[in-house]
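# Residue-level structure breakdown
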Amino acid sequence: MIVLFTDFGADDIYVGQVKAALLGHLPAGAVIIDLLHSVPNFHVRAGAHLLAALQSRFPAETVFLTVVDPGVGTDRDAVILQADSKWYVGPDNGLLSVVAARATKTQTQRIVWRPPNLSSSFHGRDLFAPVAAWIARGDLPIDVIEETRQLQVRLGPHDLSEVIYTDHYGNALTGLRAHNVPRSAAIAARDHRAPYARVFAEAPTHGAFWYENSIGLVELAAKGASATRLLGIGAGDPVRVID
Amino acid sequence: MIVLFTDFGADDIYVGQVKAALLGHLPAGAVIIDLLHSVPNFHVRAGAHLLAALQSRFPAETVFLTVVDPGVGTDRDAVILQADSKWYVGPDNGLLSVVAARATKTQTQRIVWRPPNLSSSFHGRDLFAPVAAWIARGDLPIDVIEETRQLQVRLGPHDLSEVIYTDHYGNALTGLRAHNVPRSAAIAARDHRAPYARVFAEAPTHGAFWYENSIGLVELAAKGASATRLLGIGAGDPVRVID
Amino acid sequence: MIVLFTDFGADDIYVGQVKAALLGHLPAGAVIIDLLHSVPNFHVRAGAHLLAALQSRFPAETVFLTVVDPGVGTDRDAVILQADSKWYVGPDNGLLSVVAARATKTQTQRIVWRPPNLSSSFHGRDLFAPVAAWIARGDLPIDVIEETRQLQVRLGPHDLSEVIYTDHYGNALTGLRAHNVPRSAAIAARDHRAPYARVFAEAPTHGAFWYENSIGLVELAAKGASATRLLGIGAGDPVRVID
């Protein structure tokens, strides 16, 4: 299974080209899943923490094609990460580094192969897609890669006290893992303090609250309203845990 | 064929997780179609009428995974509906009840099974997806369900004099079935009266008109313009038939 | 492989219905790719140039189902175009004509078949989908078509000095092919002049620049900013090459 995680936009011209590039190298019946194409544009740190939370929903041997790549066209490296029996292909710019730092077992390889007609702005299609497809079919040519000790850009394993994603309901996902936050704590964002509620049904009628969302993160929400509008927050904005 | 009908947003983090959950239970080559992920958020009544109109385009044995679920995390029931040889899996909150009320033959079952790690906010992934997959592969365990006489929340078979969906062209779909509305009637929305036109090419140059859309509903449109903007209407707003 | 190229909106009620219609005629395992569903609404000229640029990324025997169809319900023709061993199915309104004009070898056929329950507003589902599926499975009934010498609406092979698409990053794609524009030239849009840069990393810190994008077109962009907002431009707006 190949899983796409990008900031390419689900409704834009990029994803279809990536899929055509993948299918050109995959056997019939290969499965490609769109996990997310609306990672906040160019926001590597947010993407790194979101990926670390979302990957747990996918089985061993999944190949993640991950592209949030503001440095495309510069000399940033391209890498393959194996982490706890899943594969990740993408730029070495921090995007894969939270997954790596939290994994029990990792292996890292630089992609040294470059395709003959590599565009300067779309490595997702030209470089990462073929490599992901070769991994998925268990057939990565040996001269494509070079062993390396670790990723070059490393954000570390720690939680991130920031909004990392806002969904279309108006909820704000943070980079805080809920098991690290006591239920008695409030989450502060701008000049608001959001108390904990277990479920929407038990939340206060007015104002924002936080709860443990379905991927284990602290999420700011509001009953029958948009928390992002109510709090005036978006991806990259800081939050604080108030014990 | 499994068909997804939700308010999860096509460009959000939810649909990919649902697909991974489905594929974990499906044989290779299973077909999943995204019918709609932009049912107006939490708008069960609109979703119920939209589903009733859209389902007719799909063949017998289709399994619809339908989630518009403001009550997730409360004690609302989860159900399986068989209606005229199609299957529907979702919350018992009215969403399936227009389909049921208009069907010739129905059978209803409560889902009594709960997965070990059921999240409180994402039953689409944790509960409804496995059940839909089991039905699709013809392999629903007997202890997952309990026969029940009918749905608990029932909106009835009647047409709905409301806007139920606005598309990206700016057209407003209503819950009125066009075969129930004489062509001589106008549709009133706010302080406008929209006359009938058979096709866009025959519509008035200015102002809104109504026509029978491709799923049999009364739809408000405007030539070269957005009817929703022109009329200032959105999902949930009332319309009136003026004979 | 069937490739969808439309203005139906990726997050709207239309694409799922088209896929169901396709799958009703295709063998198991058939591949359908969403290339683009956000061609600027009803903008045939923009769509024609965008399709001509994007089609080159797809292999021989691809069947493109292309629908940007403001004249649906009028007497505009429906056609099949074969161009350099790829297939295109859509309205004869100019949408396929740039591909045709630039191809080495073309063959054109009018679709004379009409399905029994043809809607007046959704030929993508009712007419073009079955025809595309029959072509994809190599099984087009002879009485569906009629040979014709050429398309009726022809936009010609020439580049288009207009914005044809704006992506979600805020970049503006033009109908100018970059190999026709000297790197010393600037691109003027509104009252701005955008100089050339090879890659984002080499672009000016402020203001817009142009570069050759990954499908060979002149694209206006801005570093860390939205070029479309900066320049106040959108699909259909003129640009000028200033040598």
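Below: a short report on this structure. (Residues numbered from 1 in each chain as written. Chains lettered and ligands numbered in written order. Predicted model: local features only at pLDDT ≥ 70, side-chain atom pairs only at ≥ 80, totals over all residues. Heavy atoms only, no water.)

## Focus on the interface of chain A and chain C
Contact with chain A, which involves 23 residues of that partner, is made by 22 residues of chain C. Of the roughly 1900 Å² buried where chain A meets chain C, counting both sides, 58% is carbon and sulfur surface. There are one salt bridge connecting chain A and chain C. A salt bridge links Asp126 of chain A to Arg57 of chain C; its shortest N-O distance comes to 3.7 Å. Linking chain A with chain C are nine residue pairs in polar contact (both at pLDDT 80 or more), by the criterion used here. (Contact = heavy atoms within 4.5 Å. Buried area = accessible area lost by both parts, 1.4 Å probe. Salt bridge = Lys/Arg side-chain N within 4 Å of Asp/Glu carboxyl O. Polar contact = N/O pair within 3.5 Å; in protein donor to acceptor, adjacent residues only side chain to side chain.)

## Observations concerning the relation of the copies chain A and chain C
The two copies are related by a screw motion: chain A maps onto chain C through a turn of 120° and a shift of 0.0 Å along the axis, at an RMSD of 0.0 Å. Taken together, the rotation and translation relating the two chain copies correspond to the operation of a three-fold axis. When C-alpha positions in chain A are compared against the rotation axis, the closest is assigned to Gly29 of chain A, at 3.5 Å. Interface overlap between copies: only 4% of the residues of chain A at the interface are likewise at the interface in chain C, consistent with a contact formed by different surfaces. (Least-squares fit on C-alpha atoms with pLDDT ≥ 70 in both.)

## Considering the relation of the copies chain B and chain A
When chain B is fitted to chain A, the residual RMSD is 0.0 Å, and the transformation amounts to a turn of 120° plus an axial shift of 0.0 Å. With a heterologous cut-off of 20% or less, the 4% of interface residues of chain B that recur at the interface of chain A puts this contact in the heterologous class.

## Some remarks on the pattern of salt bridges
Counted according to the given criterion, the structure contains 36 salt bridges over all chains. The residue Asp34 of chain B makes a salt bridge to Lys19 of chain B at a minimum N-O spacing of 2.7 Å. In this pair, Asp34 of chain B is assigned in strand β2 (residues 32-36) and Lys19 of chain B in helix α1 (residues 15-23), connecting sequence segments 15 residues apart. Exposure remark for Asp34 of chain B: the relative accessible area of 25% places this residue in the partly exposed category. Take Lys19 of chain B: its relative accessible area is 14%, and that puts it in the buried class. The partner of Asp69 of chain C in a salt bridge is Arg76 of chain C, with the nearest N and O atoms 2.7 Å apart. As far as burial versus exposure is concerned, Asp69 of chain C and Arg76 of chain C are alike and both buried. (Helix = DSSP H or I, 4+ residues; strand = E, 2+ residues; numbered from the N terminus. Buried < 20%, exposed > 50% of the residue type's maximum accessible area, 1.4 Å probe, protein only.)

## Thoughts on α1 of chain B
Among the nine residues in α1 of chain B, eight count as buried, and that is most of the element. Buried residues along α1 of chain B sit against β2 (32-36) and α2 (44-54) of chain A together with β1 (2-6), β2, β3 (63-67) and α4 (123-136) of chain B.

## Thoughts on the pairing of strand β6 (residues 106-111) of chain A
All names here are of chain A. With five bridges connecting them, strand β4 (residues 78-83) and β6 associate as antiparallel partners. The partner of Ile80 across the bridge, within β6, is Gln109. Sheet topology places β6 next to strand β7 (residues 145-148); four bridges connect them, and they run antiparallel. Each residue of the ladder has a partner; that of Arg110, found in β7, is Glu146. (Pairing = 2+ DSSP bridges.)

## Some words on the sheet that holds strand β12 (residues 208-212) of chain C
Residues and elements named next belong to chain C. Strand order across the open sheet formed by four strands is β8-β9-β13-β12, with antiparallel pairing between neighbours. In this open sheet, the two edge strands, each paired with only one partner strand, are β8 (160-166) and β12. Each strand axis lies, on average, 30° off the axis of its neighbour in the sheet, ignoring direction. Strand direction decides the pairing type here: β12 and strand β13 (residues 217-222), joined by five bridges, are antiparallel. Considered in β13, the bridge of Ala208 is made with Ala222. Against the sheet, helix α2 (residues 44-54) touches β8, β9 (172-177) and β13, its axis set at about 85° to β8. (Axes fitted to C-alpha atoms, helices over the stretch in contact; angles between N-to-C directions.)

## So, the interface of chain B and chain A
Between chain B and chain A, the residue contacts involve 23 residues of the former and 22 residues of the latter. Looking at the side of chain B facing chain A, the largest losses of area belong to Asp11, Asp12 and Ile13 of chain B, adding up to 28% of the total buried there. Taken together, the connections running from chain B to chain A amount to one salt bridge. Of all the secondary-structure elements, those providing two or more residues to the side of chain B that touches chain A are α1 and α4 of chain B. Counted by class, the side of chain B that touches chain A contains eight nonpolar, nine polar and six charged residues. (Nonpolar A, V, L, I, M, F, W, Y, C, P; charged D, E, K, R; others polar.)

## Points about the pairing of strand β5 (residues 86-91) of chain B
All names here are of chain B. The buried fraction of β5 amounts to six of the six residues, a majority that puts the element mostly inside the structure. Relative to β5, β3 is paired through three bridges, and the arrangement is parallel. Counted as the bridge partner of Leu65 is Val89 from β5. For strand β4 (residues 78-83) and β5, the ladder comprises six bridges, and the chain directions are antiparallel. Paired with Gln82 across the bridge in β5 is Trp87. Here β4 hands over to β5 after two residues, with Asp84 in that stretch at a positive phi of 50°.

## Quick word on the environment of Arg183 of chain C
Residues and elements named next belong to chain C. Note that Arg183 resides in the loop between β9 and β10 (186-189). In the structure, Arg183 is positioned 60 residues away from Asp243 in sequence and 9.1 Å away in space, judged by C-alpha atoms. Reaching out from Arg183, the side chain makes a polar contact with the backbone oxygen of Ala178 at a distance of 2.8 Å.

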